[in-house]
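Listed below, chain by chain, are the residues.
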Amino acid sequence: YITYPALCLFSGLTIIDYNYFYCFLSVIIHETAHLAAMVICKSPFCGVKISVFEIKIIEKSRHILDYKRDLIITSAGPLANILFFILFFSASVNFAVINLLIGAFNLLPAAGLDGGQMIYLLLSKHFSGRISAIILDIITVIISIPLFVLGILVLFRSAYNFSLLLVSMYLILSLFIKEDKYL
């Protein structure tokens, strides 16, 4: 389901600039690839929740999947975005670049992102879940600090673009507010 504030935000931003539509479409491609991988890997899901800050796939049993299937599901979203970058680069550069940026951003090794989930899966092969989570939390802070500084620089340089600053703050806050960030 989609929350009403998310619907209002998406609609309003799409009216302002068509590039926001490309962003939403790229995110939908990303999440659809995760869903397709879940179907292929026989990992049932209950639904999809779209809110202002996240799109969450509500899963039934992914936490009991083997390493290989979990890695396939986790990497499917960024790989789909990179594939769409390659396919659409000559037809629509804006759409292609937005897909590349969303795919690359999701590969960052930070909690709450696909790259962070991949790092957690790799760490879990060698350490306990608790130790893996602590290591990933430290990596997330290390990644978030330069993003935050870069976000401040972009804000001062552009005088209005605060998106990177918000993203870095979200990554740091997600360490404290998300209970199931590694599932």
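See above for the structure.
Values in this document were obtained by computation on a predicted structure and should not be read as measured data.

Q: Would you take a moment to explain the side chain of T140 for this structure?
A: Tracing the backbone shows T140 in helix α6 (residues 129–158). Looking at T140, its side chain comes within polar contact range of the main-chain oxygen of L136, at 2.8 Å.

Q: Looking at this model, I keep getting lost on a nonpolar patch on the surface. Mind explaining?
A: A cluster of nonpolar side chains, contributed by V141, I145, F148, V149, L150, L153, F162, L166 and M169, occupies part of the molecular surface with about 760 Å² of accessible area. Breaking the nonpolar patch down by element, the ones donating at least two residues are α6 and α7 (163–177). With respect to the helices and strands, F148 occurs in helix α6. Taking relative accessible area as the criterion, F148 reaches 31% and is therefore assigned partly exposed.

Q: I'm lost on the pattern of salt bridges in this one. Help?
A: Should their charged atoms come close, side chains of opposite charge can pair. A complete count under the given rule lists one salt bridge for this structure. Its salt-bridge partner being D66, residue R69 comes within 2.8 Å of it at the nearest N-O pair. On the accessibility criterion, R69 (28% relative accessible area) is partly exposed. Take D66: its relative accessible area is 37%, and that puts it in the partly exposed class.

Q: Hey, could you run me through helix α5 (residues 114–124) in this one?
A: Since there are 3.6 residues in each turn of an α-helix, residues three or four apart along the chain are aligned in direction. Burial analysis of α5 places eight of its 11 residues in the buried class, the great majority of the element. When we look at burial in α5, the residues that qualify are D114, G115, G116, Q117, M118, Y120, L121 and L123.

Q: Would you mind showing me how to read the packing of helix α3 (residues 67–88) against helix α4 (residues 93–106) here?
A: For any two helices packed against each other, one specifies the crossing angle of their axes together with the interaxial distance. Two elements in contact, α3 and α4, have axes whose closest approach is 8 Å; the angle formed by their N-to-C orientations is 155°. Classified by the angle between their axes, α3 and α4 sit roughly antiparallel to one another. Pair α3 / α4 crosses with left-handed handedness. Residues P78, N81, F84, F85 and F88 of α3 pack against V93, F95, A96, V97, N99, L100, I102, G103 and N106 of α4. Counted by class, the contact of α3 with α4 contains 10 nonpolar, four polar and no charged residues.

Q: Got a minute to help me understand the nonpolar core in this structure?
A: In summary, soluble globular proteins display a tendency toward joint burial of nonpolar side chains. One finds I29, A33, L35, A37, M38, C41, I57, L65, I73, A76, A80 and F95 forming the largest nonpolar core, which totals 12 residues. Elements with a minimum of two residues in this core: α2 (18–40) and α3. At five residues, the largest contribution of residues to this core is made by α2. Leaving out residues up to four positions away in the same chain, M38 has contacts with S43, P44, F45, I57, E59 and I73.

Reading the values: rules and limits
Residues numbered from 1 in each chain as written. Predicted model: local features only at pLDDT ≥ 70, side-chain atom pairs only at ≥ 80, totals over all residues. Heavy atoms only, no water. Helix = DSSP H or I, 4+ residues; strand = E, 2+ residues; numbered from the N terminus. Polar contact = N/O pair within 3.5 Å; in protein donor to acceptor, adjacent residues only side chain to side chain. Patch = residues over 30% accessible without salt bridge, like charges linked within 9 Å, V, L, I, M, F, W, Y side chains within 5 Å. Areas by Shrake-Rupley, 256 points an atom, 1.4 Å probe, with all protein chains shown as cover. Salt bridge = Lys/Arg side-chain N within 4 Å of Asp/Glu carboxyl O. Buried < 20%, exposed > 50% of the residue type's maximum accessible area, 1.4 Å probe, protein only. Axes fitted to C-alpha atoms, helices over the stretch in contact; angles between N-to-C directions. Parallel < 35°, antiparallel > 145°, perpendicular 65-115°, else oblique. Left-handed = near helix turned anticlockwise from the far one by under 90°. Contact = heavy atoms within 4.5 Å. Nonpolar A, V, L, I, M, F, W, Y, C, P; charged D, E, K, R; others polar. Core = buried A, V, L, I, M, F, W, Y, C linked by side-chain atoms within 4.5 Å.

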